[in-house]
Amino acid sequence: MGQKDPRSLLARLQDHHREGYLSLHMPGHKENTGLAPYLSDLNAELDITELPGFDDLHAPKEILADAMKRAAQVWGSTRSWLQVNGSSGALLAAIRGITRRGDKILVARHCHKSIYHAIELCGLEPVFLLPPAEEAFGLSGSISPEQVEKALEEHPDARLIVYPSPTYDGVLSDTAGICAIAHEKGIPVLVDEAHGAHLGLWQVFPPSAMDQGADLAVASLHKMLPSLTQTAVLHGRDRHVNLIEVNRQTGIFQSSSPSYLLMASMEGCIRLLEEEGEPLLRQWKAQLEDFDRQVAGLKHLRLPGHGKEAGETYPNIFGLDPAKIVISTRWSALSGVELMTRLREDYKIELEMALENHAVAMTGLGTDDDFAGRLATALLELDEKFGPNTEEPEPLEAITAIPPRKMTLEAAAMAPGGVDFLYDSMGKVCGEYIWAYPPGIPLITPGEVITVDLIWDVERLFQAGVKLVGTRGKPPFTTVWVGEGT
């Protein structure tokens, strides 16, 4: 008794922490318990159930009700709800709370998989908004007000608009412009702001969805701020949304036995923002500006919005969140996956994710003071060591054309089917999702026809070392199908 099993998850976590990696990935506290001491005090001795004096998340009247009221004041909402099932559960609750079965919704194709799950569970009819490509870096661009306006003209019966801002790569959309168009027609706007809990606070970073008039917004506290993983806040305004029904749905998509450790970390995060938020956020912004100065000498690696490109604008991108650092390898001899591997193995710097042409470093309120120097030094050395790409990069499409749909998403996802070798499945109706994860954006969804473009995308990503996930098959070599296409 008392000795830790070296094979245990706890032992692995402790060993990893002792290794001294620079954390440039989620969660936002970056293992920095000096910044938020309440995190180090959350242990099993404090893991309780709904006892007198500790309130009830599903019928809050005391300390939890007060925390949610204070959250609404911090982020400027009519009402905010603490979420122990992350942004995924909050997005499910929000969509279920403002739609009815069979409703048509406008949804950005590059939304997180939880929104697709909501479409499936709620039996909704999606009209996909394909984000334009930022061809230099291969990023998905911003959803524009003009794009939304055109879609509403073609689909005046749409009941909801859903899109991410910021995206996994930090791309922002013009939420104020989108809301102006949607609200003129009485249509609510839900923003997946999972990566943007820091936005709008004391105007240090770009404005938040609530600042810009969104009706509902979901923010993961753990991604960018000091709170435990799995914590999020759902924000709402009552002009175009029935918040009573949204409140009911939050109870459906969360555990009836929520962890008080998670809730304590959220309450502590809110309190930290109230008491020290402005100076901490300004210090964070200063770290990023210091990093920009130090990486200005990069020759082949390019950082949109950072370094010598700080302040630059890009076609099809409304804005960028400076807290995200996208490292493009298109002009370097490295791939994104190779860059992530080199940073991990040679410099003990752990990034958030990598695809074939870029990698993403996520900073947060708890980012180490030496982040700017460590990451800048590593990038400059790798930039010099590996040199340029010997071939001139061609313009990139971030997301290929959406495959034709032959079945509803819900029907195809639930249908029986077979498993094919991927290359034998062309022309068949797909019965699963295939994701590049992270970031969890589908290459194909159930009910869509498997096309040659999809097969090439899967093969290309697999060969580049990108992690691919299927929901029923084993991409990239197999895929589930439910019927013949045309």
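Definitions and cut-offs
- Residues numbered from 1 in each chain as written.
- Predicted model: local features only at pLDDT ≥ 70, side-chain atom pairs only at ≥ 80, totals over all residues.
- Heavy atoms only, no water.
- Helix = DSSP H or I, 4+ residues; strand = E, 2+ residues; numbered from the N terminus.
- Rg over C-alpha atoms; globule rule 2.2 N^0.38 Å.
- Contact = heavy atoms within 4.5 Å.
- Areas by Shrake-Rupley, 256 points an atom, 1.4 Å probe, with all protein chains shown as cover.
- Pairing = 2+ DSSP bridges.
- Axes fitted to C-alpha atoms, helices over the stretch in contact; angles between N-to-C directions.

A. Just the overall build of the protein, in detail. Within the protein, the regular secondary structure consists of 13 helices and 22 strands. Taken against the 2.2 N^0.38 rule, which gives 23 Å for 486 residues, the C-alpha radius of gyration of the protein at 22 Å falls within 12% of a compact globule. Its C-alpha atoms give the protein principal-axis dimensions of about 60 × 55 × 55 Å. For the protein, restricting intrachain contacts to residue pairs at least 6 apart in sequence, the fraction spanning at least 24 positions comes to 73%. Accessible area of the protein: about 20500 Å², with a carbon and sulfur share of 52%.

B. Highlighting the sheet that holds strand β11 (residues 232-236). Spatial strand order, β2-β11-β10-β9-β7-β3-β4: seven strands in an open sheet with mixed pairing. Edge positions in the sheet fall to β2 (79-83) and β4 (125-129), since each of these pairs with one other strand and no more. Going from strand to strand, the sheet's axes swing by 20 degrees on average, the running direction of each strand aside. Here five bridges tie strand β10 (residues 216-220) to β11, and the two strands are oriented antiparallel to one another. Bridging from a neighbouring strand, alanine 217 pairs with histidine 235 of β11. Against the sheet, helix α2 (residues 63-75) touches β2 and β11, its axis set at about 120 degrees to β2.

C. Focus on the sheet that holds strand β19 (residues 434-436). The strand order across the open sheet built from three strands is β20-β19-β21, with neighbouring strands paired in antiparallel fashion. Bordering the open sheet on either side are β20 (441-444) and β21 (468-470), each of which pairs with just one other strand. Across the sheet, the axes of successive neighbouring strands diverge by a mean angle of 35 degrees, strand direction being ignored. Inspection of the sheet shows β19 paired to β21 by three bridges, in the antiparallel sense. Bridged to alanine 436 within β21 is leucine 468. The strands touched by helix α13 (residues 452-463) within the sheet are β19, β20 and β21, with β20 carrying the most contacts at an inclination of about 130 degrees.

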